[in-house]
Amino acid sequence: MPDQYDWLFGKGKGSSPDPSKQPQPSQPTSRPDGTPAGRPVPPSDDATRAMPVDDREARRARVGASYSANSGSRPPTPPTPPPLAPTPGDPGTAGRRGPRRFVSFKTARRVVYVLVLVYLVSIVWVGLGVANAIVRVDWEPKGTRPADQPGTNYLIVASDSRKGLSAKQRKKLSTGDAAGQRTDTIKILHTGSGPNLLMSIPRDSYVPIPGYGSTKINAAFAYGGPQLLVKTIEQDTGLHIDGYVEIGMGGLVNLVNGVGGVTICPTKAMNDPLAGLHVKAGCQHAGGVKALAYSRSRHAQTLGDIGREEAQTEVIGQIGKKAAGPGTLLNPFKLHRLKKGTSGISVGKGMSTVQMARFALAMKSVSGGKALTCGIPISDLYVHWDKTRALKLIGYLKADKTSTIPAGLCTASGLPKSVTG
């Protein structure tokens, strides 16, 4: 079988014969085809055969030409592969940013609506929690009561009860160990068509108490609790009481701390070891302990209990201002703190959340100077009411005409200006 590479290497077994060992034929002068022997012989087809070349570009051109001739259009171009993702950490990609994506106005508006809704729900939820955390007590007396009158009258009572205070707390608050429960503060807040009016009733007011004869008015609370106190006030004044609010010593401390403290403005330096009070003259911040001492001190006051009533009005008004201010009502976190401060506070059964909100707003007006602050008219410091002036002042409250009260009839101490100057 002829060697398959004979066409390249010539006949043989893969190696060229040694020309020196081969017989040398005679050199003819001419070739059989008549070509002179001196000229080169043109190579045959086998002698010029070479390895085939894969000419892809030529084939593409032929295929394209054939495709165009048959269909009249160019062959489809293969899809371009997507670019490779950059290698993480490749310095060539540093600083490059992708295309900016803008949030649509509709999406942004929906987000705002959701945030506002969550905020409002949290305000309502915490606000209701504050109202529900307050204890309700029985306060309405049985028997005959004055008829309903225009406007609303709230009775505000601060008791000297040590209930719930440990020995350490009593020492810290300088409350002593007195037993029983009396009312150091008795005030009536009237709201209606005219300016709000806060009227103080001295705790030592000498009045008749149903079933117990004439004695100090704060004894009514000790004898029969809120119901007897309300009955005594309604009988002695003729006013119809519509709501009831009671604050204990510990409750006042918690409430003041719950609103973040209050501002007090004593006109002189006050030192009362019995009440634990030591303050300088001028406006200053007071926490719960200092506010309680300021409200309880009577020995450092020129007018004793009468002067203490004015300090109590100042503290209560500041509490209302802070509790009903937008900084508290619109802040869920401050409302939650206020909720913790409601321990030690009680309101009358039947007092709704709306009524409590109205009460807080009315107390805010006391601190803002938009309300009238009066002491019930008295004739001396023992304390006897000045019946003529007292009935005249109460008559304005019954008729809900606080805007027409003469200035000389409404004084902070209850004493006529001819006495206090």
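Residues numbered from 1 in each chain as written. Predicted model: local features only at pLDDT ≥ 70, side-chain atom pairs only at ≥ 80, totals over all residues. Heavy atoms only, no water.

**Student:** Quick question: what am I supposed to make of the packing of aromatic side chains here?
**Tutor:** Any pair of aromatic rings gets described here by the distance separating the centres and the angle formed by the planes. Enumeration over the complete set of coordinates arrives at 3 aromatic pairs. Judged by centre distance (4.2 Å) and plane angle (10°), the rings of tyrosine 212 and tyrosine 223 are stacked. Within this pair, whereas tyrosine 212 is found in the loop between strand 5 (206-209) and strand 6 (213-216), its partner tyrosine 223 is found in helix 6 (residues 219-237), the two being separated by 11 residues in sequence. Tyrosine 212 sits in the partly exposed class, given a relative accessible area of 44%. (Phe/Tyr/Trp six-rings, centres within 6.5 Å; stacked < 30°, edge-to-face > 60°. Helix = DSSP H or I, 4+ residues; strand = E, 2+ residues; numbered from the N terminus. Buried < 20%, exposed > 50% of the residue type's maximum accessible area, 1.4 Å probe, protein only.)

**Student:** Please clarify how the side chain of threonine 411 should be interpreted in this entry.
**Tutor:** In this fold, threonine 411 is placed in the loop between helix 13 (387-398) and helix 14 (417-420). When sequence neighbours within four positions are dropped, the list of residues in contact with threonine 411 reads Thr373, Cys374, Gly375 and Lys417. (Contact = heavy atoms within 4.5 Å.)

**Student:** For this particular structure, what's the right way to read the nonpolar core?
**Tutor:** The nonpolar side chains of a soluble globular protein tend to be buried, and buried together. In terms of nonpolar packing, the biggest core is built from 40 residues, with Leu189, Val262, Phe359 and Met363 touching the most fellow members. Once you skip the residues sitting within four places of it in the chain, methionine 363 turns out to touch Ile156, Leu189, Leu198, Ile316, Gly317 and Gly320. (Core = buried A, V, L, I, M, F, W, Y, C linked by side-chain atoms within 4.5 Å.)

**Student:** Can you help me understand helix 13 in this one?
**Tutor:** The end-to-end C-alpha separation of helix 13 is 16 Å, in line with the 16 Å expected for 12 residues at 1.5 Å each. In this structure, the buried residues of helix 13 make contact with strand 3 (183-191), strand 4 (197-200), helix 6 and strand 13 (372-375). Directly beyond the C-terminal end of helix 13, a positive phi value near 55° is found at aspartate 400. (Expected span 1.5 Å × (residues − 1).)

**Student:** Just checking my understanding: could you explain the environment of glutamine 355 for this structure?
**Tutor:** If you trace the backbone, glutamine 355 turns up in helix 12 (residues 353-367). Distance from glutamine 355 to glycine 243, taken between C-alpha atoms, is 8.6 Å for residues 112 residues apart in sequence. With near-sequence residues (within four places) excluded, glutamine 355 lies in contact with Tyr154 and Gly350. At 2.9 Å, the side chain of glutamine 355 forms a polar contact with the backbone nitrogen of serine 352. (Polar contact = N/O pair within 3.5 Å; in protein donor to acceptor, adjacent residues only side chain to side chain.)

None of this, on its own, says anything about what the molecule does.
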